[in-house]
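If you want the building blocks of each chain, they are given just below.
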Amino acid sequence: MAALRIGVHPNNLHLQLAALTWPLRWPEILLTPDGSPAVQFVAYREGRDTGRLIADNVIDVGGTGSTPPVLAQHDGVPLVYVAASAPRGGNGAIVVRAEDGPANVTRLVGRRIALLDGSFHTSFLAAALEREGLSLRDVERVELAPADAYRALSDGRVDAWIAMAPWLERVRNEPSQWRVLTDIGPYVPNRSVFWTHREAFHLHAAALDAVFAALTALGHDIARDPAPYAEQLAAAGISGISESDAAAWQSALAARDWRLLPSDAAFYAEQQGEADLLHRHGVLSHTIDIQQAAPPVPLNFSSTPHAH
């Protein structure tokens, strides 16, 4: 049987850390009894590419924020949800300059906002604006990578920035320069979401069970001692943070809830709410039924392998 191809991009820390650490931790998951690869990590640039790579049969499963699978289902990708993290209400915020930035969300009208459009940033911004009676059409979205957005906000080329780990930890440690306008928690659960092609779900059900049991164990280890994992992310230069900024990664990892949960009715309701939100704001041209992406049989990854 072909190997299960796991897509890895820098903004999904669970899969990124798995790719960095698993060859030493769980070789029995990476190899079949005859020594052939059972799991293969496939690196790619960013989470917004996940739907295309799944549709093009480049990867079998990936992890993103909540928005990319909604957009992929809208575009006709036959996806299945595998698992979701616990909510992560602290890993996202609208940031402005401390001295002259907009005072509140309503003051964002007509402003330039840096973000990764098509990621959870878009849903977060839409939800925050909608609560104030506004729309995505009332702001100018500016596509910028995090390091570029940090500089652009400092230079005044944008008026606000949707920041996430580890840059958000840096922002919180520089209160004289930055101000958090609002955190993501009140608007979007901000889960990490893991999803696969429907055919791959049927073909690789056993491997997916083993992989997500191992990811659960990895999450326990990170929560218990985030320091060595922060050092690995910094050393690898993930998200443009250098080795000298391992402390920012450690703060981000320590603050995160690393639990992984099978997708359930509450999760599907959240995803449906997000799909409807994006349709109201013109991001989706038509409504979709999230339940069509439910797996025929949920995975059961409660059996956790032991680390080596």
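Just so it is clear, the structure is predicted and the values come from calculations on it, not from any experiment.

Q: Any chance you could break down the pairing of strand S8 (residues 160-163) for me, citing the residues and the numbers?
A: Covered by surrounding structure in S8 are Ala-160 and Ile-162 together with Trp-161 and Ala-163, the residues of both alternating faces. One ladder, built from three bridges, connects strand S5 (residues 93-97) with S8; its direction is antiparallel. Bridge pairing links Val-95 to Trp-161 in S8. Direction of pairing for strand S6 (residues 112-115) relative to S8: parallel, over a ladder of two bridges. Across the sheet, Ile-113 pairs through a bridge with Ala-160, a residue of S8.

Q: I'd love a proper account of the pairing of strand S7 (residues 140-143), names of residues and values included.
A: Across four bridges, S6 lies against S7 in parallel orientation. Looking across to S7, one finds that Leu-115 is bridged to Glu-143. Taken together, S6, helix H5 (residues 120-131) and S7 form a β-α-β motif whose crossover is right-handed.

Q: Lay out unusual backbone geometry in plain terms, naming residues and giving numbers.
A: Note that the residue after Ala-165, namely Pro-166, is joined by a cis bond; omega there is 0°. Within the chain, Asn-57 stands out as a residue other than glycine whose phi angle is a positive 65°. Tracing the chain through its elements places Asn-57 in the loop between helix H3 (50-55) and strand S3 (61-64). Positive phi, close to 60°, is recorded for Asn-190, a residue that is not glycine.

Q: Quick one: what's the story with the side chain of Ser-263, residue by residue and with numbers?
A: Residue position: Ser-263 is located in the loop between strand S11 (260-262) and helix H12 (265-280). On the basis of relative accessibility, which here comes to 11%, the residue Ser-263 falls in the buried class. At 2.9 Å, the side chain of Ser-263 and the side chain of Tyr-268 are in polar contact. Filtering out sequence-adjacent residues up to four positions away, Ser-263 remains in contact with Tyr-81, Val-82, Ala-83, Tyr-268 and Pro-295.

Q: Give a detailed account of the environment of Pro-175, specifying residues and quantitative values.
A: Along the polypeptide, Pro-175 turns up in the loop between helix H7 (167-172) and strand S9 (178-183). C-alpha of Pro-175 to C-alpha of Arg-97: the two residues are 78 residues apart in sequence and 9.3 Å apart in space.

Q: Tell me about the nonpolar core, residues and numbers included.
A: Within the largest apolar cluster, 37 residues are counted, with the highest numbers of intra-cluster contacts made by Val-211, Phe-212, Leu-215, Leu-218, Trp-249 and Leu-253. Elements represented by at least two residues in this core include exactly strand S1 (4-8), helix H1 (13-25), strand S4 (79-85), helix H9 (205-224), helix H10 (227-235) and helix H11 (246-255). Counting residues per element, this core draws most heavily on H9, at eight residues. Within the second largest apolar cluster, 25 residues are counted, among which are Ala-127, Ala-160, Ile-162 and Val-188.

Q: Tell me about helix H4 (residues 67-74), and please be specific about residues and values.
A: For H4, the buried fraction is high: seven of the eight residues fall into the buried class. For H4, the complete set of buried residues consists of Thr-67, Pro-68, Pro-69, Val-70, Ala-72, Gln-73 and His-74. Gly-76 sits one or two residues past H4 and shows a positive phi near 95°.

Q: Mind laying out the domain arrangement of the protein, listing which residues take part and the relevant values?
A: Partitioning the protein into structural domains gives domain 1 (4-86 + 191-293) and domain 2 (92-183). Between the C-alpha centres of domain 1 and domain 2 the distance comes to 25 Å. Across the boundary between the two partners, domain 1 contributes 21 residues, which contact 22 residues of domain 2. Interface area for domain 1 against domain 2, summed over the two sides, is near 1,700 Å², with a carbon-plus-sulfur share of 58%. Our count for the contact surface shared by domain 1 and domain 2 stands at two salt bridges. We note a salt bridge from Arg-48 to Glu-143, for which the minimum N-O separation is 2.6 Å. Scanning the region where domain 1 abuts domain 2 turns up eight residue pairs in polar contact (both at pLDDT 80 or more).

Q: Describe the packing of aromatic side chains, naming the residues involved and giving the relevant values.
A: Enumeration according to the criterion identifies nine aromatic pairs in this entry. Taking the centre distance of 5.4 Å and the plane angle of 80° together, the rings of Phe-194 and Phe-212 count as edge-to-face. One end of the pair, Phe-194, is in strand S10 (residues 193-197); the other, Phe-212, is in helix H9, with 18 residues separating them in the sequence. The same class applies to Phe-194 and to Phe-212, which are both buried. Each residue in the set Tyr-150, Trp-161, Trp-167 and Trp-178 is aromatic and connected to the rest through ring pairs, giving one cluster.

Q: Before we move on, could you go through the pattern of salt bridges and cite the residues and values that matter?
A: This structure, assessed with the given rule, holds 16 salt bridges. Between Asp-60 and Arg-5 there is a salt bridge, with its nearest N and O atoms 2.9 Å apart. On the criterion of sequence distance, the pair formed by Asp-60 in the loop between H3 and S3 and Arg-5 in strand S1 is long-range, its members being 55 residues apart. Comparing Asp-60 with Arg-5 shows no difference in burial state: the two are buried. Members of the salt-bridge network, linked through shared partners, are Arg-45, Glu-46, Arg-48 and Glu-143.

So, how was this worked out
- Residues numbered from 1 in each chain as written.
- Predicted model: local features only at pLDDT ≥ 70, side-chain atom pairs only at ≥ 80, totals over all residues.
- Heavy atoms only, no water.
- Buried < 20%, exposed > 50% of the residue type's maximum accessible area, 1.4 Å probe, protein only.
- Helix = DSSP H or I, 4+ residues; strand = E, 2+ residues; numbered from the N terminus.
- Pairing = 2+ DSSP bridges.
- Right-handed = clockwise from strand over helix to strand, strands pointing away.
- Polar contact = N/O pair within 3.5 Å; in protein donor to acceptor, adjacent residues only side chain to side chain.
- Contact = heavy atoms within 4.5 Å.
- Core = buried A, V, L, I, M, F, W, Y, C linked by side-chain atoms within 4.5 Å.
- Domains from an automatic or database assignment.
- Buried area = accessible area lost by both parts, 1.4 Å probe.
- Salt bridge = Lys/Arg side-chain N within 4 Å of Asp/Glu carboxyl O.
- Phe/Tyr/Trp six-rings, centres within 6.5 Å; stacked < 30°, edge-to-face > 60°.

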